[in-house]
Number of protein chains: 2
Amino acid sequence: MPDEKPARAANIFDVARLAGVSHQTVSRVLNGLPNVRPATRERVEHAIAQLRYSPSPAAQSLVSRRTRTLGLIAPAVSDYGPTRIGMHFSMAARAARYSVNTITTVDDDPGAVRAAIEGLLRQRVDGIVLIVMDIGVVEMVRELDLSIPVVAAASSSRRSPLLVQIDQYRGARAAVRHLAELGHTRIAHLAGPARGADAIERVRGWRDELAERGLPAVDLVYGDWSAEAGYRIGREMDLEPGMAVFTSNDLMALGLMSALRERALGVPDDVAVVGFDDIPEAAFLYPPLTTVRQNFAALGELMLQKVLVALEEGQDETVDTPLATHLVVRESTRALVVDGDEPVGGLELPAPVEGVPGR
Amino acid sequence: MPDEKPARAANIFDVARLAGVSHQTVSRVLNGLPNVRPATRERVEHAIAQLRYSPSPAAQSLVSRRTRTLGLIAPAVSDYGPTRIGMHFSMAARAARYSVNTITTVDDDPGAVRAAIEGLLRQRVDGIVLIVMDIGVVEMVRELDLSIPVVAAASSSRRSPLLVQIDQYRGARAAVRHLAELGHTRIAHLAGPARGADAIERVRGWRDELAERGLPAVDLVYGDWSAEAGYRIGREMDLEPGMAVFTSNDLMALGLMSALRERALGVPDDVAVVGFDDIPEAAFLYPPLTTVRQNFAALGELMLQKVLVALEEGQDETVDTPLATHLVVRESTRALVVDGDEPVGGLELPAPVEGVPGR
C-alpha cells in the first residue's frame, strides 16, 4: 500500500516544535555549526527523521550557495510566441527539478528589464533567462556582465553567446522569395514595432531579398503586432490589385485580411498575404494563411539547456546557430494571374521551402 | 545626480569577503546569534553598510517565516484565457512586491496539480494560486486543507471561499438567449472537454436556458478547445439551414466556421455561431464573431487580492460573487429569416445584454 503523503511538507518550525528547541538551533544543526549540545543535536536529528523534513531551498541556499531556482523575465503579453517559449522553458525546468521564479515586465524597455534582473538577483536565483522583445535589452544585459548565467531569447544580427534565437532573417527571406516566385513584383511589408528585435530582423530579411531580386523595397509600414493594428493599417494602406503584403506576424495578417474584405479586395486574387508564426488559428482563417512557422518549444528548451550547461561548466561561449523556420503554404498566396492570362509565376505552386503540411 | 546602481546586488559572500570572515559568521550576525566577537560583528556590519547589502529573501525566510513568494500553478496551454489570468496575477503580485514562483503542469488532473502544490510547499511559498481547468482539482485542494492561503480560479456550481470565478453559467445563458431571441429553435452546443470546469458550467447554462424556453437540448458534442477540434467536428456535425451553434470558446468557433465554409453553409445565413472568450482575433474573423467576453484581468487581480487578505487576516471565508460576462454581438448571428419572409425574431437586432461595442 502506498504511504499516505502528509498534507504539507514539514518545515523548520515543525522540527523546532517537536524537538523543543528554537528554530535557530535547528538551523545550527542543519548547517553543522558548533555550540549545540550533543543531546540537543540528537533530539533535532530525531525530529528531522520523524517528520521526514528536508531543508527548504531557502535553508539550503545559505549552505550551498545554490537555490535551484531560475529567474524568467517575460513581457506582459499573451501573444502566442512569448507565451509558448515561456511555457516550454518552464516545463523543461521543472523536469530538471528547477523552480522558476517569473517576473512579468509591463514595460519592455531596458530599464524595466534591468529592474527585473535586480529583483531576481536579490532573490538569489542561480541563473536568469529573458524573453526579449525590445532591441535595446540584449545590449544592456551584455553590459551588466552578471556573475550568474544569463540566456536571452532575442533576435539580433549580432551573434552573442548569451543569445538563443529563431532565424527571423531567413524566415522573412523565405516568405518574400515565395511571393516573388509567384510573380509578385510589388511586395509590401507590414512590420512589427520599430524597436522590436524580431521585427527588425524580419524587415532586414524583406529588404535584402527584394534587393537581391532587383525589386523595390518601398512599401513599409510599422504596426504593434495586434490584429487591431493590422485592421487599422489595412484600411488605409496604399494597395492595388496584384500586390502582395508580407506581414510580420499572423495576428496583424488576420486584421489586414479583415480590412481587405471591407475594401472588397480578394485574398489571394487581388492581394496575396503571408504571415509569420503559424499560430493555431492560421490554418482556419479565411482564407487559410500562408505563413512562416517557428519552433517555440525547441527555443524554450534550448534556453534551459544553455543555462544548465553554464551552471555546470561556467558561462558557455558557444554562439548557437539560430533555429530554422519553415514556410507553410496555404491559400492566402498563389501564382499571380495577370489579365486573365497564364499565371506569371508558372501554373504550379512551388514546393514549400522546407516541406511542412499545411494542416 | 542619481547614484550609480551596482551591476548586481551584493550577496552574503561579498559581505563575508569584505569583512574577512566566513559566510556562516555573516549569517550569525544577521540572525542575531551569539558567539560572534564584538570586533568581528562590527567588521561585518561595516561591510553590510558599505555594500548596501540587504539579506536575500532566502536568508530572511529563516528568520521571519515569510518568503514574500507566492506559488502560481498554471496549465501548460497557451490559450488566451489562462495566459491572461496568469499574466495579470503576476503583474499585480509584482506591484505588491511579491515574487511569483510558477509551476506549469503538463497534465491538468488532480494528481499532477497535487504534486505541483507539494513542490511549492517545499519551496516555502506564503500562498498558492491555481488556474484550474479540470473539475476534480478544486475538490482535491479543498480536501488537502492547506495551512497557507490558497485561491483557485475555477468554475464550479458549488461556491467555495477558495474560488474566484467568472460567471460561465450566466454567460452561456446569455449566449443561448441571444440565439433564441433571434428566432432559433434548434440550438446545438459544441462544448469543451467533459472534465473541463468552465466547459461544464457552459453546458449547464445552455441546457437550462433551452429548458426554460421549452426548446430541446439534444445537439451536444464535446471538443478539446482547439481550432482543430472545431474544424474536425464541424465537418461531421449534423447541421441544417436555420440552425445555430453555441460554441464553448472562440477557437473552436473559428475552426467550426472554417468547416462550414467547406460545406458551403453560410454564417450567419445558414448557421449562426456564437463563441465564448472574446479573444483579440474575434472581431476580425470572417464573419466577425458574436461572443461572450470575460474579464481575465479582473480575475487575475482578484486572485492576488484574496491571497493577500488571507495572509493578513487569516483565510478569508467570503464566497465571492462570480464576475459578470458581457455578450458582444457581431456578424456571426442575426435575426433568422425563414423562406425569404420577414425574420422570425423581428427585423431589429436586440441590444446586447450588456452594451459593449463590437470593435
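Residues numbered from 1 in each chain as written. Chains lettered and ligands numbered in written order. Predicted model: local features only at pLDDT ≥ 70, side-chain atom pairs only at ≥ 80, totals over all residues.

Counting its regular elements, chain A contains 12 helices and 11 strands. Partitioning the contacts of chain A with sequence separation of at least 6, the portion at a separation of at least 24 is 70%. (Helix = DSSP H or I, 4+ residues; strand = E, 2+ residues; numbered from the N terminus. Contact = placed C-beta atoms within 7 Å.)

Quick look at the sheet that holds strand β4 (residues 150–153) of chain B now. The 10 strands are arranged β5(A)-β4(A)-β3(A)-β1(A)-β2(A)-β2(B)-β1(B)-β3(B)-β4(B)-β5(B) in an open sheet whose pairing can be described as mixed. Of all strands in the sheet, those bounded by a partner on one side alone are β5 (163–164) of chain A together with β5 (163–164) of chain B. Here seven bridges tie strand β1 (residues 69–75) of chain B to strand β2 (residues 99–105) of chain B, and the two strands are oriented parallel to one another. Residue Thr-69 of chain B lies in a different strand from β2 of chain B, and its bridge partner there is Ser-99 of chain B. (Pairing = 2+ DSSP bridges.)

On to the pairing of strand β1 (residues 69–75) of chain A. Residues and elements named next belong to chain A. Buried residues dominate β1, accounting for seven of its seven residues. Of the crossover connections in this fold, the one passing from β1 over helix α5 (residues 80–95) to the parallel strand β2 (residues 99–105) is right-handed. With four bridges connecting them, β1 and strand β3 (residues 127–131) associate as parallel partners. Along β3, the bridge assignment pairs Leu-70 with Gly-127. (Buried ≥ 20, exposed ≤ 12 C-beta atoms within 10 Å, placed from the backbone. Right-handed = clockwise from strand over helix to strand, strands pointing away.)

By size, the foremost hydrophobic cluster in this structure holds 194 residues, and its most contacted members are Leu-130 and Ala-152 of chain A together with Leu-130 and Ala-152 of chain B. Other than its neighbours up to four places away in sequence, Leu-130 of chain B contacts Ile-73, Val-113, Val-137, Val-141, Ala-152 and Ala-153 of chain B. If you look at the next biggest cluster of nonpolar residues, it comprises 10 residues, including Ile-12, Val-26, Val-29 and Leu-30 of chain A. (Core = buried A, V, L, I, M, F, W, Y, C linked by C-beta atoms within 7 Å.)

Another point: helix α12 (residues 296–313) of chain A. Residue and element names in this part refer to chain A. Between its terminal C-alpha atoms α12 stretches 26 Å, which fits the 26 Å expected from 18 residues at 1.5 Å a residue. Looking at the buried positions of α12, the neighbouring elements they touch are β1, α5, β3, β4 (150–153) and β5. One or two residues past the end of α12 sits Gly-314, with phi positive at roughly 85 degrees. (Expected span 1.5 Å × (residues − 1).)

Before going further, it helps to spend a moment on helix α11 (residues 250–262) of chain A. Since the α-helix advances by 3.6 residues per turn, residues separated by three or four positions end up pointing in the same direction. All names here are of chain A. Taking 1.5 Å of rise per residue, the 13 residues of α11 would be expected to cover 18 Å, and the 19 Å separating its terminal C-alpha atoms lies within 8% of that figure. Of all 13 residues in α11, 10 are buried; the element is thus mostly enclosed. Here α11 has its buried residues at Asp-250, Leu-251, Met-252, Ala-253, Leu-254, Gly-255, Leu-256, Met-257, Ser-258 and Leu-260. Those residues of α11 that are buried are in contact with β6 (187–191), α10 (227–236), β8 (243–247), β9 (271–274) and β10 (291–293).

As a further point, take the packing of helix α6 (residues 110–122) of chain A against helix α7 (residues 136–144) of chain A. Helix-helix packing is characterised by the crossing angle of the two axes and by the distance between the axes. Residue and element names in this part refer to chain A. Between α6 and α7, the least distance of the axes is 9 Å, while the angle of their chain directions is 40 degrees. On the basis of the axis angle, α6 is oblique to α7. You can see that α6 and α7 cross each other, and the crossing is right-handed. Across the interface between the two elements, Pro-110, Val-113, Arg-114 and Ile-117 from α6 touch Gly-136, Val-137, Met-140 and Leu-144 from α7. Grouping the constituent residues of the contact of α6 with α7 by class yields six nonpolar, one polar and one charged. (Axes fitted to C-alpha atoms, helices over the stretch in contact; angles between N-to-C directions. Parallel < 35°, antiparallel > 145°, perpendicular 65-115°, else oblique. Left-handed = near helix turned anticlockwise from the far one by under 90°. Nonpolar A, V, L, I, M, F, W, Y, C, P; charged D, E, K, R; others polar.)

Attention now moves to the environment of Ile-117 of chain B. All names here are of chain B. Mapped onto the fold, Ile-117 is located in helix α6 (residues 110–122). Using a count of 26 C-beta atoms within 10 Å as the deciding quantity, one classes Ile-117 as buried. With 29 residues separating them in the primary sequence, Ile-117 and Leu-146 have C-alpha atoms 9.7 Å apart.

Residue and element names in this part refer to chain B. Spatial strand order, β7-β6-β8-β9: four strands in an open sheet with parallel pairing. Two strands lie at the open edges of the sheet, namely β7 (220–222) and β9 (271–274), each paired on one side alone. Strand-to-strand twist across the sheet, computed as the mean angle between neighbouring axes with direction ignored, equals 20 degrees. Two strands pair when backbone bridges link them, and strand β6 (residues 187–191) and β7 are joined in this way by three bridges, in the parallel orientation. Across the sheet, residue His-189 finds its bridge partner in β7, namely Leu-220.

Take the environment of Lys-306 of chain B next. All names here are of chain B. Mapping Lys-306 onto the fold places it in helix α12 (residues 296–313). The buried category is assigned to Lys-306, around which 25 C-beta atoms lie within 10 Å. Between the alpha carbons of Lys-306 and Val-164 there is a distance of 8.7 Å; along the sequence they are 142 residues apart.

The next thing to look at is the packing of α10 of chain A against α11 of chain A. Residues and elements named next belong to chain A. Where α10 meets α11, the axes come as close as 6 Å, and the angle between the chain directions of the two elements is 35 degrees. Seen along the crossing, α10 lies across α11 with a hand that is right-handed. The residues of α11 that touch α10, namely those facing Ala-227, Glu-228, Ala-229, Gly-230, Tyr-231, Gly-234 and Arg-235, are Leu-251, Met-252, Ala-253, Leu-254, Gly-255, Leu-256, Ser-258, Ala-259, Leu-260 and Glu-262. Tallied by class, the residues present in the contact of α10 with α11 amount to 10 nonpolar, four polar and three charged.

All right, on to the environment of Tyr-286 of chain B then. Within the secondary structure, Tyr-286 of chain B sits in the loop between β9 and β10 (291–293). Judged by the 19 C-beta atoms lying within 10 Å of it, Tyr-286 of chain B falls in the partly exposed class. In sequence terms Tyr-286 of chain B and Val-267 of chain B are 19 residues apart; their C-alpha atoms lie 8.7 Å from each other. Here Tyr-286 of chain B is in contact with Arg-261 and Tyr-286 of chain A, once residues within four sequence places are set aside.

Attention shifts here to the confidence of the model for chain A. For any part of a model where pLDDT is low, the fine detail of the predicted coordinates should not be relied upon. All names here are of chain A. Averaged over every residue, the pLDDT of chain A is 86; residues scoring 70 or more account for 86%. Low pLDDT, under 50, characterises residues 57–63; the stretch is placed with 24 contacts to residues that sit more than four places away or in other chains. When the criterion is pLDDT under 50, residues 342–359 qualifies, and its contacts beyond four places in sequence or with other chains add up to 37 contacts. Across the interfaces of the predicted complex, the ipTM metric reaches 0.76, alongside a pTM of 0.78. (pLDDT = per-residue confidence, 0-100.)

Cis geometry is adopted by the peptide bond preceding Pro-287 of chain A, which originates at Tyr-286 of chain A and carries an omega value of -10 degrees. Along the polypeptide, Pro-287 of chain A turns up in the loop between β9 and β10. Residue Pro-268 of chain B is reached from Val-267 of chain B by a cis peptide bond, and omega for that bond is 5 degrees. Mapped onto the elements of the fold, Pro-268 of chain B is located in the loop between α11 (250–262) and β9. Phi angles above zero are rare outside glycine, and Arg-97 of chain A is one such case at about 65 degrees. One can find Arg-97 of chain A in the loop between α5 and β2. Residues other than glycine seldom take positive phi values, yet Ala-264 of chain B does so here, at roughly 60 degrees. Position of Ala-264 of chain B among the secondary structure elements: in the loop between α11 and β9. Assessed through the 7 C-beta atoms surrounding it within 10 Å, Ala-264 of chain B is described here as exposed.

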